[in-house]
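# Residue-level structure breakdown
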Amino acid sequence: MHLVVSFFFLFCLARPPEVGQCATDGVESVFSTFEPEGNIEALLDDLSDLKKQKLYLNESSAEDLLQLPWLTPSDVRNIIFRRTDTGPITNEATLADIIGDEKAEWTVPYIYFSRELQLRRKALREQIEGSLYTRYFTEMPERDGITTGKYAGENYKLYNRLQLTIPHLKASVVQEKDVGEPDVDDFTSFSLNAYDFGVLKSAVVGNYTLNFGEGLLMGQNRYFSKGSDPAGSVRLSSRRLKPYSSSGEYGFLQGAAVTLRPGPFEVTAFTSSNRVDARVDETNGLITSFDDTGYHRTVTELERRDGVTEKVEGANLLWNFSGSGVNGRLGGSMIHYGYSEPLEALVESGIDRGEASSADLVGLEAAVSFGRAGMFLETVFSQKPDDSSWIAGASYEPVRGVTAVVAVRQYGEHYYSPFAGAFAERGDGASNEEGYYAGIDARLSRKVRVGAYYDWFRFPLLSPSSYPYPSEGHDMRLFASWKASSSITWSLQLQHKKKEEASSAQGALGGEGAINGYAPLPSLTDRVRLDSDIKLSRVFSIRTRGEVKRVTQEFFSGDVSYNGWLLYEQLNYKNGRLSLKWRGTVFNTDDYDSQLYAYEDGLPMQFNLGTYNGRGKSIFFLAAWQARENLKLAARYEVTFYTDREVYSSGSDLRLTDSPASLHVGCLWSF
C-alpha cells in the first residue's frame, strides 16, 4: 500500500500542484453514484460516439439532450426555456447556473456552445472516419469447466468492434466470444445507420433498439434503476430508434427500422426477425424463459443457442407540439410479435396453447411541459392475455434548482410484453405491480445538493406460482452532497427498504399465512454509503468510500440479521497521455443477502460492477496510455484475496484458489 501511494506521489511531483483543477470523468462519477441496470455497455458506446458527434446545445432537441444520463427532464426543460427566453447559452458558467456546476462539467465534453465550432468540426468530418477496438480478457487460474472439458472453449474472452462513419451514415460491426466459448465469432452484430438527411431522422438496417413512451410497451434502453436519481429515474430517457453496436447478446431487434419527421410528426416503422436463446421445456414444448446471458460454453448452452425465432413488426406515431409556453408530444404504438414456440407465460394466463406463440400490443403516450411544470402518461394494452398497464406522473420546479416528482403506476397482473423496460421495484416487465412514488432533488447552493424519494409498492401476486397472494412494501432513500471546498466533495446515501418474498423456509415453520409450504418473509434493508472525492492537484485525485448494510429477515421463529460492509480507497493519476488508477477494497459480508456492489473503472467503453460477498480484500490496477493521437492502449489487472474460503465459485465455474485474478488488455485505433 505504501509503495503504491509513493508511486503516485512521485508522478504528481512532476508538475506543481494546482488544487482544484484535476478534471473528473462525468461517466465514472455517474456510474459510481447511480445504480446501473440493463446493458450499460450500450450506453458507453453511445456516449463514446457522442463525443465524436457533439450536440449543438442551443438547437438540440429534448430527446437529444436526454442521451446524457445525468440530465433529468427538468434539466433539459430549463435549458430549452433559457435559450428560448434569453438567447443562446454561450459558456459553461451560464450552463452551470441552469443545471449546477457538477452536471455542467460532465456535459461540456459532449456539446458545442457555438454554431461556428460545430460547423468547423463538421467540415473536418467530410471524410471517412473510423475506429477499430480490440479487447482480450483472461482469468487466473482457469475455471474447472475449461480444465475438465465441460466448457468447449478456451480461457479467454475476445471483443472486436469496427466502426466507419461518413456524413449522415455510420456502420458498426461487433464480434465477441466469452470465456469458455469455442467459436471466435460466437456473437456478431452489424448495423448500418443513416441519419439527419432531410425528412429522414434515422434509418437502421441490421441490429437496433426501440424505446417508446416510458418503456411499458417497448423500452430496450433503460440503463438505471429506481434508486439512481430521485427526480429523474422515473422517466425513460433514450432515443426512439438507435443502432445497436454493443456486445450484449439479448435485448435488441434485427431487421430494418426507419423514423421520418414530416413537420411536427414523427413516424417510426420497423420489422424484425431474430433468433434468440431460450429455455424450452422438453415435456410440453413451451418457452419457459429467455436466456439473456449469451453464454454458449456447455452442450446444453450450445443446444439452446439461437433456438427460437422471434418476429416483431409495428409502428409508432408521434405528434410534437409547442406554442404559448406549452411543449409536448402525443403518440401511439402498435406491435405484433410472434415466436416459433408457444410462451409459457401466455399459457399460464389462460391462453390456448395453439394461440400462445404470438400477440398484439397497443400503447398510448403523452408528455407536456408548461412553465415550471410537466406531466407524462403511458398506457398499454396486451391482447394475450387481455390486460393493461399504465404509469402517470408530474414534475414541478417551485424555485430554481428544486425539482419535485410524483408518479403512480398500475401494472396489470397478467400484462405481458417481452420488450418492456419499465420503472419498477421488481423487474422491468411492467406487470404485477402497483406503486406511488414521490421524489425531490434540491440544489440548495453551488455547494450543497440534497435529494430524497419514497416509494410504496404492492404486488397483487407475491409469487404467481408459489404464493399467489398480495404483498406490499416501501423503499425510501436520502441523498446529499457537499462541496466543502474547490478540491473536496462529500456524498451521502441512506436507504431503508421493506419487502417480502415467498419463502419455503418461512412456510416450513407453519406460521400464520403459510400456504402450500410457502409464506411471505419480510426483509428489512438498511444501508449507509459515504463517499469522499479529493482533488490533490491537477493530475492526482483520491476517492474513498465506506458502506454499511444490514438485512433483517423476520421469520416466525424470530428475526435473523446479516451485516455487510466495505471500505475502498482509489487513487487516480492523469497527466498528458498517461492515466493510472489503483483501488484497494476491504469487505466483510455475512450472507448473500448482505452482499455489496460498487462500480469499478474498466477499459474504454467497458463496464465493471464489482460484487463483494464474503470476507477479503480486492485490488485492481488500471493503466491507459495515449500512445499516439489516434492510438490508445489500456490494461487492467484485478485480484481478490478471500479469507473465508479456499476455492472460488462452484460447479463448472469453480476456480481452485482463494485469490482469483484476471487480466484485461485493449487497443483502440482511430483513423
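Coordinates for the structure precede this section.
Residues numbered from 1 in each chain as written. Predicted model: local features only at pLDDT ≥ 70, side-chain atom pairs only at ≥ 80, totals over all residues. Heavy atoms only, no water.

### Quick look at the overall build of the protein
Note the threshold: Under the scheme used here, helices are H or I runs from DSSP no shorter than 4 residues and strands are E runs no shorter than 2 residues, and both carry numbers assigned from the N terminus. Only C-alpha atoms enter the radius of gyration; for comparison, a globular chain is expected to reach 2.2 Å times N to the power 0.38, where N is the number of residues. Only heavy atoms matter for contacts: two residues are in contact if any of them lie within 4.5 Å across the pair. Surface accessibility follows the Shrake-Rupley procedure with a 1.4 Å probe radius. Residue values consider only the protein chains on display as shielding. Under this rule, positive means Lys or Arg and negative means Asp or Glu; His and the chain ends count for nothing. Here the site of a charge means NZ on Lys, CZ on Arg, CG on Asp, or CD on Glu.
Scanning the protein for helices and strands turns up 12 helices and 31 strands. Against the compact-globule benchmark of 26 Å for 671 residues, the protein has a radius of gyration of 25 Å, which places it among compact chains. Projecting the C-alpha coordinates of the protein onto the three principal axes gives extents of approximately 70 × 65 × 50 Å. Counting contacts in the protein only where the partners sit at least 6 residues apart, residues at least 24 apart contribute 61% of the total. Within the structure as shown, the protein displays about 29200 Å² of accessible surface, and the carbon and sulfur contribution to it stands at 57%. Separation of charge centres in the protein, based on 70 positive and 88 negative side chains, amounts to 8 Å.

### A word on helix 3 (residues 40-52)
Where we set the bar: Here a helix's expected span is defined as the number of its residues, less one, multiplied by 1.5 Å. Buried, partly exposed and exposed residues are distinguished by accessible area as a fraction of the type maximum, computed with a 1.4 Å probe on protein chains only: under 20%, between the cut-offs, and over 50%, respectively.
With 13 residues, helix 3 ought to run about 18 Å at 1.5 Å a step, and its terminal C-alpha atoms sit 19 Å apart, in line with that. Taken across its 13 residues, helix 3 has 11 buried, putting it largely inside the fold. Taken as a whole, helix 3 has its buried residues at I40, E41, A42, L43, L44, D45, D46, L47, S48, D49 and L50.

### Some words on a nonpolar patch on the surface
Selection rule: Nonpolar side chains (Val, Leu, Ile, Met, Phe, Trp, Tyr) are joined into patches within 5 Å and like charges within 9 Å, using only residues with over 30% relative accessible area and no salt bridge. When a carboxyl oxygen of Asp or Glu lies within 4 Å of a side-chain nitrogen of Lys or Arg, that pair is called a salt bridge.
A surface patch of nonpolar side chains, about 890 Å² in accessible area, is lined by I128, L132, L162, L164, I166, V173, F190, L192, V205, W669 and F671. Elements represented by at least two residues in the nonpolar patch include exactly strand 4 (157-166) and strand 6 (187-197). Take the nonpolar patch: its biggest share by element is three residues, from strand 4. Looking at where W669 falls in the secondary structure, it is placed in strand 31 (residues 661-670). Note on W669: relative accessible area 39%, which makes it partly exposed.

### Here we look at helix 6 (residues 92-99)
The condition that has to hold: Arc, as used here, means the arc of the directions from the helix axis to the C-beta atoms.
Among all positions in helix 6, only L95, A96, I98 and I99 are buried. Seen end-on, helix 6 carries its buried residues on one side only, within an arc spanning 160 degrees. Contacts from the buried residues of helix 6 go to helix 5 (73-86), helix 7 (101-107), strand 2 (111-112), strand 19 (433-443) and strand 20 (448-459). G100 sits one or two residues past helix 6 and shows a positive phi near 100 degrees.

### Side note on the nonpolar core
Selection criterion: In these notes, a set of buried Ala, Val, Leu, Ile, Met, Phe, Trp, Tyr and Cys residues joined through side-chain atoms within 4.5 Å is what counts as a nonpolar core.
Formed by 46 residues in total, the largest nonpolar core has its most connected members in F270 and Y337. With sequence-adjacent residues up to four places away left out, F270 is seen in contact with Y208, L210, F212, L253, A256, A257, V312, E313, G314, A315 and I335. Of all hydrophobic cores here, the second largest spans 41 residues; its members include V30, L44, L66 and W106.

### Focus: empty space enclosed by the protein
Summary: where empty space remains is shown by rolling a probe the size of a single water molecule over the atoms. Rules: Both cavities and pockets are sets of points on a 1 Å grid over the protein atoms alone; in a cavity a 1.4 Å probe fits but cannot get out, in a pocket the set is open with protein on both sides within 12 Å along at least five of seven lines, and lining residues sit with an atom within 4 Å of a point. Grid points are joined across faces, edges and corners, and a volume is the space filled by probe spheres set on the points. In this classification, the charged set is Asp, Glu, Lys and Arg, the nonpolar set is Ala, Val, Leu, Ile, Met, Phe, Trp, Tyr, Cys and Pro, and all remaining amino acids, among them Gly, are polar.
Within this structure, the stated rule accounts for four cavities of 30 Å³ or more. Looking at the largest cavity, its volume works out to about 320 Å³. Every residue lining the largest cavity is counted, 25 residues in all, and those nearest its centre are L66, P69, Y223, F224 and S237. Here the lining of the largest cavity takes four residues from helix 3, the largest share from any one element. Looking at the lining of the largest cavity residue by residue, the class counts come to 11 nonpolar, eight polar and six charged. Volume-wise, the second largest cavity comes out at about 110 Å³. For the second largest cavity, the lining is made up of 15 residues, of which D75, G401, T403, D441 and R449 are closest to its centre. Elements with a minimum of two residues in the lining of the second largest cavity: helix 5, helix 6, strand 18 (402-411) and strand 19. Per-element accounting of the lining of the second largest cavity gives the leading share, three residues, to helix 5. Grouping the constituent residues of the lining of the second largest cavity by class yields four nonpolar, five polar and six charged.

### Regarding the pattern of salt bridges
According to the stated counting rule, one finds 39 salt bridges in the structure shown. Put simply, D653 and R297 hold a salt bridge, and the shortest N to O gap is 3.7 Å. In this pair, D653 sits in the loop between strand 30 (631-642) and strand 31 while R297 sits in the loop between strand 12 (287-290) and helix 10 (299-304), placing the two residues 356 residues apart along the sequence. Its relative accessible area of 7% is what places R297 among the buried residues. The salt bridge involving K499 is made with E425; its shortest N-O contact spans 3.1 Å.

### A few points about the pairing of strand 7 (residues 200-210)
Operational definition: Two strands are said to pair when DSSP picks up at least two bridges between them.
Buried residues dominate strand 7, accounting for 10 of its 11 residues. Bridging between strand 6 and strand 7 involves six bridges; their strand directions are antiparallel. Bridge pairing in strand 7 places S191 opposite G206. Connecting strand 6 to the antiparallel partner strand 7 that follows it, the hairpin turn spans two residues, and G198 within it adopts a positive phi of roughly 65 degrees.

### Some thoughts on unusual backbone geometry
The omega torsion of the bond from M140 to P141 falls at -10 degrees, within 30 degrees of zero and hence cis. With respect to the helices and strands, P141 occurs in the loop between strand 3 (129-140) and helix 9 (144-148). P385 follows K384 through a cis peptide bond whose omega is -10 degrees. Along the chain, P385 turns up in the loop between strand 16 (373-382) and strand 17 (387-396).

### Brief notes about the side chain of E266
Operational definition: A 3.5 Å cut-off defines polar contacts: any pair of N or O atoms within that distance qualifies, except that in protein one atom must be a possible hydrogen donor and the other a possible acceptor, and neighbouring residues in sequence count only when both atoms are side-chain atoms.
Turning to its location among the elements, E266 is positioned in strand 10 (residues 265-276). Exposure remark for E266: the relative accessible area of 11% places this residue in the buried category. Within polar-contact distance, the side chain of E266 engages the side chain of K201 at 3.2 Å. Not counting residues within four places of it along the chain, the set of residues in contact with E266 comprises K201, R240, T259, L260, R261, N316, L317, L318 and N320.

### Here's the deal with the pairing of strand 15 (residues 358-370)
Because side chains alternate across strand 15, one face comprises the buried residues A359, L361, G363, E365, A367 and S369, and the other comprises S358, D360, V362, L364, A366, V368 and F370, none of which is buried. As judged from the 13 bridges shared by strand 14 (residues 326-339) and strand 15, these two strands associate in the antiparallel manner. If you follow G338 over to strand 15, its bridge partner there is S358. Relative to strand 16, strand 15 is paired through 10 bridges, and the arrangement is antiparallel. For E365, the partnering residue across the bridge sits in strand 16 and is E378. Counted along the chain from strand 15 to the antiparallel partner strand 16, the turn is two residues long, and its residue G371 has a positive phi close to 60 degrees.

### Some thoughts on the environment of G435
Looking at the secondary structure, you find G435 in strand 19. Among the residues examined, G435 registers a relative accessible area of 0% and is labelled buried. Spatially, the C-alpha atom of G435 lies 5.2 Å from that of R409, the residues being 26 residues apart in sequence. With residues near it in sequence (within four places) discarded, G435 still touches A407, V408, R409, W456 and F457.

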